[in-house]
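The chain contents come next:
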Amino acid sequence: MSRTPVLRAAVVGTGHRARLFTRGLAERPGHVVAALCDPSPTRMAFHNRLLAEAGAPAATPWEPDRFTDLLAKEDIDEVVVTTVDAEHDRYIVPALKAGCRVVTEKPMTVDAERCARILDTVRETGNSLTVAFNYRFNPVHEKVRALLAGGAIGEVLSVHFEWLLDVRHGADYFRRWHREKHHSGGLMVHKSSHHFDLVNWWLADAPEEAFGYGRLGFYGREAGQRHGLRREYDRAHGSDRAADDPFALDLAGNDTLRALYLDAERDDGYLRDRNVFDGPITIEDDMSVLVRYARGATMTYHLTAYSPWEGYRVMFNGSGGRLELEVEESRWQPPLTRATSAAGAVHGDTAAEHAGGARLTLRPLWRPPVDVPLAVAHEAHGGGDPRMLDALFGPADPTRAADAAAATHPTATERDGALALAVGLAANRSFETGRPVRTGELIPG
């Protein structure tokens, strides 16, 4: 009887989000995490403990500067990239050239030059690149796509999309490396790429032009002083002035955060708990964008990163009616002192304490509205994470193969990653120039 071949994987970047992939691969037959790659031996040791907990063998730790050696010497078949966004191409390109299958966290990258390099490499090598847009796998989002594709409201003519990050989740982007645009591309690239990919996928269309306004109006030194929210400290750990600040993150108070970040500071000097009302912060916290699509539909989009509640509203206007979705991820956030966890409301991997509900309403022309039944999960990014892992790597339990097949759909390709990135890049350029920007100026057609 022939054995199923075991694919040897490398996980590159071993921070908080990478835990999903380290555990997910360890739990799935036919995959083994053979190598870890990160500047921090401390973080890699944490991930090796995750592998041990899953009953999997330890992975070999490697330094980033030796990544190409890693690929050859560890005989790697698949690479998962979960590094700082601006570093994605540094690993995607050589992994593709080495013949590996590559899965990268979103966004695919942060600027047009890096995007072109990735697209050129995929074209030259013919190898596979998948972008981990887990929101596609949320059953609620799949329901929306099915209704639109089935003609429930006819031709979609316009979309209004509002996404709200509450003051627990939103603030976290202003504590860590995401606060500097050269690392993350700003929230238009790092966070909103999720949303732009959803709309591209929902409409089965490509964005052509974007215009927008963005500002830093809540976080940062100037705004914090203006609103009376600023406290005088650089980072929360060890600061008496942060002790009663509800915006401060207590790394020492959470075992995972302490192990991944506080204990790892000696390795690379990275501070995970910066003051959200201090500099340098070069990203926006309030953004409005107007997007035009190839077939003529338009989208108005707004992202707020300092809301009292977290969730989103998206409305589709069509030739045969209107489809409305509202999801409350958290109805409100209590003023906890020194938030102790980067999970839950910060990362979306567990349900928020005050999670609300979801409502999907179909409003056809000339007929009463219909409330569409939904099965809502607030943990694991709306249930998207485990279903995405099944689609990428197969089910953890082989007896679930039929269920996994029913729950999957085509994963996001490098082209999907580029089209989601194109909206964010065009919006960023529009913020700077005050003019509409065609996506074709940034991402080749």
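Residues numbered from 1 in each chain as written. Predicted model: local features only at pLDDT ≥ 70, side-chain atom pairs only at ≥ 80, totals over all residues. Heavy atoms only, no water.

The number of helices and strands found in the protein chain is 16 helices and 16 strands. Radius of gyration (C-alpha) of the protein chain: 22 Å, near the 22 Å computed for a compact globule of 445 residues. C-alpha extents for the protein chain along the principal axes are approximately 65 × 65 × 40 Å. Put simply, the protein chain has 445 residues, and 58% of those count as buried. Within the protein chain, residue pairs in contact and separated by at least 24 positions form 75% of the contacts whose partners lie at least 6 positions apart. Surface accessibility of the protein chain: about 18,200 Å² in total, with carbon and sulfur atoms responsible for 51%. (Helix = DSSP H or I, 4+ residues; strand = E, 2+ residues; numbered from the N terminus. Rg over C-alpha atoms; globule rule 2.2 N^0.38 Å. Buried < 20%, exposed > 50% of the residue type's maximum accessible area, 1.4 Å probe, protein only. Contact = heavy atoms within 4.5 Å. Areas by Shrake-Rupley, 256 points an atom, 1.4 Å probe, with all protein chains shown as cover.)

On to the sheet that holds strand β11 (residues 310-318), then. The sheet built from 9 strands is open, its strands ordered β14-β13-β12-β11-β7-β10-β9-β8-β16 with mixed pairing. Every interior strand has two partners, whereas the edge strands, β14 (370-372) and β16 (437-438), have only one. Judged from the 8 bridges that link them, strand β8 (residues 207-215) and strand β9 (residues 286-293) form a sheet pairing that is antiparallel. Bridged to Tyr213 within β9 is Ser288. (Pairing = 2+ DSSP bridges.)

As a further point, take the packing of aromatic side chains. Each aromatic ring pair is described using two quantities: the centre-to-centre distance and the angle formed by the ring planes. Going through the model one piece at a time under the given rule, you end up with 17 aromatic pairs. In textbook terms, an aromatic cluster arises when at least three aromatic residues are bridged by ring pairs, as seen for Tyr135, Phe161, Trp163, Phe196, Trp202, Tyr301, Tyr312 and Phe316. Its end group placed over the ring of Tyr261, Arg272 keeps NZ or CZ at 5.5 Å from the ring centre. (Phe/Tyr/Trp six-rings, centres within 6.5 Å; stacked < 30°, edge-to-face > 60°. Lys NZ or Arg CZ within 6 Å of the ring centre and 35° of its normal.)

Once that is clear, we can look at the sheet that holds strand β3 (residues 60-62). Spatially, the 7 strands line up as an open sheet ordered β3-β2-β1-β4-β5-β6-β15, and their pairing is mixed. What marks the edges here is a single partner per strand, and that holds for β3 and β15 (412-413). Here strand β6 (residues 129-132) pairs with β15 via 2 bridges, running antiparallel. Across the sheet, the residue bridging to Thr130 is Thr413, located in β15. Lying on the sheet, helix α4 (residues 88-97) is in contact with β1 (7-12), β2 (31-37), β4 (78-81), β5 (101-105) and β6; it crosses β5 at an angle near 170 degrees. (Axes fitted to C-alpha atoms, helices over the stretch in contact; angles between N-to-C directions.)

Let us look at the nonpolar core. Of all hydrophobic cores here, the largest spans 92 residues; its most connected members are Val79, Trp202 and Phe316. Counting residues per element, this core draws most heavily on helix α16 (residues 414-433), at 9 residues. Once residues within four sequence positions are removed from consideration, Phe316 is found in contact with Val144, Leu148, Ile153, Val156, Ser158, Val159, Trp202, Gly321, Arg322 and Leu323. (Core = buried A, V, L, I, M, F, W, Y, C linked by side-chain atoms within 4.5 Å.)

Right, let's get into unusual backbone geometry. Here the amide bond leading from Lys106 into Pro107 is cis, since omega sits at -10 degrees, within 30 degrees of zero. The residue Pro107 is located in the loop between β5 and α5 (112-125) in this model. The linkage connecting Gly279 with the following residue, Pro280, adopts the cis geometry, with an omega of -5 degrees. In this fold, Pro280 is placed in the loop between α13 (265-268) and β9. In this structure, Ala204 is a non-glycine residue whose phi angle is positive, near 50 degrees. Position of Ala204 relative to the elements: it lies in the loop between α10 (192-203) and β8.

A rise of 1.5 Å per residue sets the reference length of α10, with its 12 residues, at 16 Å; its end C-alpha atoms lie 16 Å apart and thus fit the reference within 8%. The element α10 is extensively covered by neighbouring structure, given that 12 of its 12 residues are classed as buried. Positive backbone phi, at 50 degrees, marks Ala204, one or two positions downstream of α10. (Expected span 1.5 Å × (residues − 1).)

Oppositely charged side chains can form a pair if their charged atoms are brought close together. With the rule as written, the count across this model stands at 38 salt bridges. Residues Arg235 and Glu265 are paired through a salt bridge, measuring 2.5 Å at the closest nitrogen-oxygen approach. Of this pair, Arg235 sits in the loop between α11 (221-226) and α12 (255-262) while Glu265 sits in helix α13, placing them 30 residues apart in sequence. Neither Arg235 nor Glu265 differs from the other in exposure class; each is buried. (Salt bridge = Lys/Arg side-chain N within 4 Å of Asp/Glu carboxyl O.)

Along the chain, the position of Gly228 falls in the loop between α11 and α12. For the pair Gly228 and Leu365, spaced 137 residues apart in the sequence, the C-alpha separation amounts to 49 Å.

A few words now on the pairing of β2. The buried fraction of β2 is high, at 7 of 7 residues. Bridge analysis of β1 against β2 gives 6 bridges, and the strand direction is parallel. Counterpart to Val11 in the pairing with β2 is Leu36. Once you follow β1 into helix α1 (residues 18-26) and on to β2, the crossover reads as right-handed. Bridging between β2 and β3 involves 3 bridges; their strand directions are parallel. Residue pairing for β3: Ala35 is matched across the bridge by Thr60. Of the crossover connections in this fold, the one passing from β2 over helix α2 (residues 41-53) to the parallel β3 is right-handed. (Right-handed = clockwise from strand over helix to strand, strands pointing away.)

Attention now moves to the UniProt feature "domain: Gfo/Idh/MocA-like oxidoreductase N-terminal" (unreviewed entry) in the protein chain. What UniProt calls "domain: Gfo/Idh/MocA-like oxidoreductase N-terminal" (unreviewed entry) maps, in this numbering, to residues 7-133. End-to-end, the C-alpha atoms of residues 7-133 are 22 Å apart, and along that stretch the chain is 42% helix and 23% strand. (UniProt positions renumbered as here; feature names shortened; annotations may be inferred.)

Our focus in this paragraph is the pairing of β11. Most of β11 is tucked away, with 7 of its 9 residues classed as buried. As paired strands, strand β7 (residues 156-166) and β11 are joined by 8 bridges and run antiparallel to one another. Counted as the bridge partner of Ser158 is Asn317 from β11. Here β11 runs beside strand β12 (residues 321-330); their pairing, made up of 9 bridges, is antiparallel. Bridge pairing links Arg313 to Glu326 in β12.

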